[in-house]
Amino acid sequence: MTRPAPKSFHVKSFGCQMNAYDGARMAELLEAQGLTAADSPEAAELIVLNTCHIREKAAEKVYSDIGRIVKRAEGGKPMIAVAGCVAQAEGAEIPHRAPAVDIVVGPQAYHNLPQLVADAAAGKRALDTDMPAASKFDVLPKRRRQGPSAFLTVQEGCDKFCTYCVVPYTRGAEISRPWRAIVDEAKALVDAGAREITLLGQNVNAWSGEDEKGRAQGLDGLIRELDTLPGLDRIRYTTSHPNDMSDGLIAAHGDVAKLMPFLHLPVQAGSDRILKAMNRSHDVASYLRLIERVRAVRPDIAVSGDFIVGFPGETEADFEETLAVVRQVEHAFAFSFKYSPRPGTPAATMAEQIDPDVMDDRLQRLQALLNEQQHGFNLATVGKRCEVLIERDGKRPGQRIGKSPWLQSVIVEDGPAIGELVTVYIVAAGPNSINAVIAERQAA
Ligand code: SF4
């Protein structure tokens, strides 16, 4: 059955920053086709659900969202597209389970979204989960305003095959984008108003490529190149794997002025036995040495991590080792989750799956320690001066929210304009944010 082509769209992204980046690129693509961005799903004729498959709950959320969209639809159902990692993992199964879905498009194929919209409007099957050799980036439109802080995907996919993870299956093999394409996109983002760029990859520090002179470069080389870009004030990168932390990247934390003192380096568990079962291909000692080396060149660096509790076979002693690593590293921030069996991953069929109540108990204990550390890190910055990039309005008139160099959320009263980089004096700290005043005013 044919239907009118949609004139407006809304992209809703779930999960990681790379999905947020893909969501922004899909929005640019649809706008370049003449569609208008709608502020809410209710107001859109095309709704793109850009999904995450990392945990059971995340995947199921897609189907409940579709149900809500269909129920709420007044005057005809909007066109529904499912994109992202659930689209890649479940493909043609999705319209079987949810017939209201018109389009299914994977993370490596969303440059074909305009054609898929036309196919769906013509009543044709609109499904594309290919992983084409040709990069989608070559056909995506020029970047447009993303705000003072923007994401830039430089690497995709993963070859690590951690036994609990779906990413190698939903995002494919590791691919590094070419040097020129990245530098050009960074320039376009700065021209569009970005002062901070976060380089993204499932394994961003695995990025490699040749520079303009044909010299082999790693992520540190790319960061040093972007450090010379006029108008760019801050560089960040995420997410890294311990095995790809090169000497050059560690050194860059010591001498690249625009590289912010923040390192997100997941360890997942503190027991070598569990790390082996996870196929993380590194042990606790090498991880701790890395942290030591980074802190040696940048003593004030904020370290962030990822943790999974309740991995199959995890004993209380293994979990105690995780707590010991957390105490030793002292995290400024960390994500922590209960193990979630993912279809098709080796860990999902492992023996000794952990009782959910035990998982809950361990997660609570871990999060209590991590929250204490995060608050401690924030309290330790009280009395310091630092630069803050103002990103958005706060709740109160004149209040602004920005990011410190250590990626803390900073509340500034009587704040300057969004997009300004201001020197502040930190006056108070809470568990999740800090309060600051403009330094000059403090000096008066
Ligand atoms: S390194 Fe990260 S993305 Fe890759 S398989 Fe492991 S957890 Fe997944």
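Residues numbered from 1 in each chain as written. Predicted model: local features only at pLDDT ≥ 70, side-chain atom pairs only at ≥ 80, totals over all residues. Heavy atoms only, no water.

**Details of helix H7 (residues 179-191)**
Part 1 of the argument: With 13 residues, H7 extends 18 Å from end C-alpha to end C-alpha; this agrees with the ideal 18 Å at 1.5 Å per step.
Part 2 of the argument: Of all the residues in H7, the buried ones are Trp179, Ile182, Val183, Glu185, Ala186, Ala188, Leu189 and Val190.
Part 3 of the argument: Where H7 is buried, its residues touch helix H1 (17-32), strand S7 (149-153), strand S10 (196-200), strand S11 (208-210), strand S12 (216-218) and helix H8 (219-226).
Part 4 of the argument: Note on H7: the residue one or two positions beyond its end, glycine 193, has a positive phi of about 110°. (Helix = DSSP H or I, 4+ residues; strand = E, 2+ residues; numbered from the N terminus. Expected span 1.5 Å × (residues − 1). Buried < 20%, exposed > 50% of the residue type's maximum accessible area, 1.4 Å probe, protein only. Contact = heavy atoms within 4.5 Å.)

**Some words on the packing of aromatic side chains**
Geometrically, a pair of aromatic rings is defined through the distance of the ring centres and the angle of the planes.
Part 1 of the argument: Inspection of the entire model under this criterion finds seven aromatic pairs.
Part 2 of the argument: Consider the rings of tyrosine 164 and phenylalanine 311, whose centres lie 6.4 Å apart with planes at 85°: the pair is edge-to-face. Note that tyrosine 164 is positioned in the loop between strand S8 (155-156) and helix H6 (167-170) and phenylalanine 311 in the loop between strand S15 (302-309) and helix H12 (316-329), a separation of 147 residues in sequence. Phenylalanine 311 carries the same exposure label as tyrosine 164, and that label is buried.
Part 3 of the argument: The interplanar angle of 45° and the centroid separation of 6.3 Å between the aromatic rings of tryptophan 179 and tryptophan 207 together place this pair among those described as tilted. Here tryptophan 179 is found in helix H7, whereas its partner tryptophan 207 is found in the loop between S10 and S11, with 28 residues between them in sequence. (Phe/Tyr/Trp six-rings, centres within 6.5 Å; stacked < 30°, edge-to-face > 60°.)

**Notes on unusual backbone geometry**
Part 1 of the argument: With omega at 10°, the peptide bond leading from threonine 238 into threonine 239 counts as cis.
Part 2 of the argument: In this model, glutamate 330 sits at a positive phi of 55°, which is unusual for a non-glycine residue.
Part 3 of the argument: Its place among the elements puts glutamate 330 in the loop between H12 and strand S16 (333-338).
Part 4 of the argument: Unlike most non-glycine residues, glutamate 352 shows phi in positive territory, near 60°.
Part 5 of the argument: Note that glutamate 352 resides in the loop between S16 and helix H13 (356-380).

**Brief notes about the domain arrangement of the protein chain**
Part 1 of the argument: Domain annotation of the protein chain identifies domain 1 (8-128), domain 2 (142-260), domain 3 (283-380) and domain 4 (385-442).
Part 2 of the argument: Just the C-alpha atoms count here: the centres of domain 2 and domain 3 sit 25 Å apart.
Part 3 of the argument: Each partner contributes to the interface: domain 2 provides twelve residues, whereas domain 3 provides 17 residues.
Part 4 of the argument: Taken over both partners, the interface formed by domain 2 and domain 3 buries close to 1200 Å², and the fraction arising from carbon and sulfur atoms is 70%.
Part 5 of the argument: When the buried surface of domain 2 facing domain 3 is broken down by residue, Thr163, Tyr164 and Ile250 rank first, second and third, together holding 45% of it.
Part 6 of the argument: One salt bridge connects arginine 293 with aspartate 247, and the closest N-O pair in it is separated by 3.0 Å.
Part 7 of the argument: For the pair domain 2 and domain 3, the number of links is two residue pairs in polar contact (both at pLDDT 80 or more).
Part 8 of the argument: Among the elements that take part in the side of domain 2 that touches domain 3, helix H9 (residues 247-255) stands out by supplying four residues, more than any other. (Domains from an automatic or database assignment. Buried area = accessible area lost by both parts, 1.4 Å probe. Salt bridge = Lys/Arg side-chain N within 4 Å of Asp/Glu carboxyl O. Polar contact = N/O pair within 3.5 Å; in protein donor to acceptor, adjacent residues only side chain to side chain.)

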